[in-house]
Amino acid sequence: MPSVRDRGHSKRAGAATLPSDGRANNLSLVRRTLHADGAMSRADLSRTLGLTRVTVSDLVSDLMDRGHVVELGQSGAVRPGKPAILVDINRQGLQVIGVDLSSESDLRAAVLDLDGNILERLERPVGTATGQAVVEQVLELVAETAGRATAPLLGIGVGTPGIVTGDGVVLTAPNLGWSEVPVRELLEKHTGLPTLVSNDADAAVHADHTFGGGCDDEILVKIGRGVGSGVIVGGRRARGAHSAAGEIGHVTVGTDAGTLCVCGRTGCLETWMSAPSLERALGVAAAGEDPEAATAVVYQEAGERLAIALAPVVGVLDLAEVVLSGPRHLLGGPLLDAVQQTLLARLLHQDPQPVTVRLAADPQDIVLRGAAVMVLWNQLGVA
Ligand SMILES: [Zn+2]
């Protein structure tokens, strides 16, 4: 059964750390230690963690109540006194909730296992709802998804459009009509489950890095209604000074003006590369006198602009992979080629070539799976 309990969270952005956070940290520490080091006795745990036996016993019984930890029987070690019982993380029997709020049409949630496989999925049409109405829909969807879990839940991961603080407050997500929405706090209160909230492209790069064969120095560019990216450097995701690392959509590309962007300026990367911008340009090309040539120009220009924006980032950080995630019919083929060629032409020549450009596997579910990775990383130290 899913462990849904009300732990009365009341954490706010900037608030001092509460005692309950210390306990949550200790519970995570026990989970991570068992996951990394394998089964051990409570006494070994107490030595490893530098916590008293009483504290460790209390933490272990709490985790057993939640179904996160199981007893495995007695240790073979011969010691005076009664034989110690080994405890271990419940390796086969834990699940995670992933939530993807980045789709234009649907709010999406899923139950996943620890290998990132989607076991159950739920979708809700978002319709014309914005602001608080979307918040209510998300809370309902997540609670319903949690009810579908067939094993104890480790936590909830959310990938959302917009800039998200480390405390899980969505500062601004215009598409959802959100401004300073404390998504993490709301979900933790509603479900009693530890929750992590991240920008959708940041979640996606976690999925690529953990399940998609991504390397430790990569950038994933997520192309949908807008354009965003997530960056992994040295195996860790870059967060930035304002939680906005990877926000590349409204970077001006080139010095030749370009078309007007929704943000009020001209020449933003999104005006070439967002899915709606590309579809619009392809539509115009198809209606012209030489559709084939005009279509080729659209892909070439979009790919070039993206590569012009990425080249200094790839060069400065010495990234090995650029991964494009989004509609395959737009990104595959000529656009991918244009990005690769332009990027290599703009970087220092090396042999073998310093960076590869590829499409993300499974772009439809990349945010759901990435959101799950964030929970595993946080609760088990798995990356
Ligand atoms: Zn813009």
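All figures in this text were calculated on a predicted structure; none of them were measured in a lab.

1. A short note on the sheet that holds strand E1 (residues 40–41)
Step number 1: Read from one edge of the open sheet, 3 strands run E1-E3-E2, paired in antiparallel fashion. Only two strands of the sheet have a single neighbouring strand rather than two, namely E1 and strand E2 (69–74).
Step number 2: In this structure, E1 lies alongside strand E3 (residues 85–89), joined through 2 bridges in antiparallel fashion. Across the sheet, residue Met 40 finds its bridge partner in E3, namely Val 87.

2. Remarks on the pairing of strand E15 (residues 321–325)
Step number 1: Burial analysis of E15 places 5 of its 5 residues in the buried class, which makes it a mostly covered element.
Step number 2: Going residue by residue along E15, you find Glu 321, Val 323 and Ser 325 tucked away on one face and Val 322 and Leu 324 tucked away on the opposite face as well.
Step number 3: Alignment of strand E12 (residues 218–223) against E15, held across 5 bridges, turns out to be parallel. Residue Glu 218 lies in a different strand from E15, and its bridge partner there is Glu 321.

3. Side note on the confidence of the model for the chain
Step number 1: Looking at the chain as a whole, its pLDDT mean stands at 89, while 92% of the residues score no less than 70.
Step number 2: Within the chain, helix H1 (residues 19–37) has the poorest average pLDDT of any element, 83, and E15 the best, 98.
Step number 3: In this model, residues 1–18 is a region of pLDDT below 50 whose contacts with residues beyond four sequence positions or in other chains number 34 contacts.

4. What about the packing of helix H9 (residues 291–317) against helix H11 (residues 334–346)?
Step number 1: Interaxial distance between H9 and H11 falls to 7 Å at its minimum, and their mutual angle equals 40°. Our classification of the angle between H9 and H11 gives oblique. Read as a crossing pair, H9 and H11 show a hand that is right-handed. Across the interface between the two elements, Tyr 299, Gln 300, Ala 302, Gly 303, Glu 304, Leu 306, Ala 307, Ile 308, Leu 310 and Ala 311 from H9 touch Pro 334, Leu 335, Ala 338, Val 339, Thr 342, Leu 343 and Arg 346 from H11.
Step number 2: Looking at the contact of H9 with H11 residue by residue, the class counts come to 12 nonpolar, 3 polar and 2 charged.

5. Here we look at the pairing of strand E9 (residues 170–173)
Step number 1: Of the pairings in the sheet, the one linking strand E8 (residues 163–164) to E9 comprises 2 bridges and is antiparallel in character. Within E9, the residue paired with Ile 163 across the bridge is Thr 172.
Step number 2: With antiparallel pairing between neighbouring strands as the criterion, E8 and E9 make up a hairpin whose turn holds 5 residues, including Gly 168 at a positive phi of roughly 80°.
Step number 3: Where E9 lies against strand E10 (residues 178–181), 3 bridges are found, and the strand directions are antiparallel. Of the residues in E10, the one forming a bridge with Thr 172 is Ser 179.
Step number 4: Once E9 ends, the chain turns through 4 residues before running back antiparallel as E10, passing Gly 177 with a positive phi of about 70°.

6. Here we look at the coordination of the zinc ion
For a metal bound by four donors in tetrahedral geometry, the ideal donor-metal-donor angle is 109.5 degrees, whereas six donors in octahedral geometry ideally sit at 90 or 180 degrees.
Step number 1: All of the protein donors around the zinc ion are His 250 (ND1), Cys 261 (SG), Cys 263 (SG) and Cys 268 (SG); their distances to the metal are 2.0 to 2.3 Å.
Step number 2: For the zinc ion, the 4 donor atoms in the first shell make angles of 101 to 121° at the metal, so the coordination geometry reads as tetrahedral.
Step number 3: Taken in chain order, the donor set of the zinc ion reads H-x10-C-x1-C-x4-C. With His 250 in the loop between strand E14 (236–237) and helix H7 (270–273) and Cys 263 in the loop between E14 and H7, this pair connects stretches of sequence that are 13 residues apart.

7. With respect to the layout of surface pockets
Step number 1: When its volume is computed, the largest pocket comes out at roughly 1200 Å³.
Step number 2: As for the largest pocket, its lining consists of 47 residues, of which Asn 175, Gly 224, Arg 225, Gly 226 and Val 227 are closest to the centre.
Step number 3: Counting residues per element, the ones that place at least two in the lining of the largest pocket are strand E5 (106–113), E9, helix H6 (200–211), E12, strand E13 (227–233), H7, helix H8 (275–286) and helix H12 (366–380).
Step number 4: The dominant element in the lining of the largest pocket, judged by the number of residues it contributes, is H8, at 4 residues.

Rules behind the numbers
Residue positions are counted from 1 within each chain, in the order its sequence is given. Local features in this predicted model are restricted to residues whose pLDDT is 70 or higher, and side-chain atom pairs enter the listing and the counts only when it is 80 or higher, whereas totals over whole chains, interfaces and linings include all residues. As a rule here, side-chain values come from all non-hydrogen atoms in the structure, and water together with hydrogens is ignored. When DSSP finds two or more bridges between two strands, those strands count as paired. Numbering of helices and strands runs from the N terminus, with a helix taken as a DSSP run of H or I at least four residues long and a strand as a DSSP run of E at least two residues long. A 1.4 Å probe rolled over the protein chains alone gives each residue an accessible area, and that area as a share of the maximum for its type sets the label: buried under 20%, exposed over 50%, partly exposed in between. Known as pLDDT, the predictor's per-residue confidence is scaled from 0 to 100. A contact between two residues is defined here by any heavy atoms of the two lying within 4.5 Å. Each axis is a line fitted through C-alpha atoms, and for a helix only the stretch in contact is used; angles between axes span 0 to 180 degrees, taken between their N-to-C directions. Comment on the angle field: the value is read as roughly parallel under 35 degrees, roughly antiparallel over 145, roughly perpendicular from 65 to 115, and oblique elsewhere. Here is the rule for handedness: rotate from the far helix to the near one, and if that takes an anticlockwise turn smaller than a right angle the crossing is left-handed, while a clockwise turn gives right-handed. In the scheme used here, Gly and all other residues not listed as nonpolar or charged are polar, with Ala, Val, Leu, Ile, Met, Phe, Trp, Tyr, Cys and Pro taken as nonpolar and Asp, Glu, Lys and Arg as charged. Coordination partners: N, O, S within 2.8 Å of the metal, 3.2 Å for Na, K and Ca; water not considered, so apparent gaps in a site are possible. Angular criteria define each label, namely tetrahedral for four donors with all angles between 85 and 135 degrees, square planar for four and octahedral for six donors with opposite donors over 155 degrees apart and remaining angles between 65 and 115, and irregular for whatever fails these tests. Cavity means a closed set of points on a 1 Å grid over the protein atoms alone, one where a 1.4 Å probe fits but cannot get out, pocket means an open set with protein on both sides within 12 Å along at least 5 of 7 lines, and lining means a residue has an atom within 4 Å of a point. Grid points are joined across faces, edges and corners, and a volume is the space filled by probe spheres set on the points.

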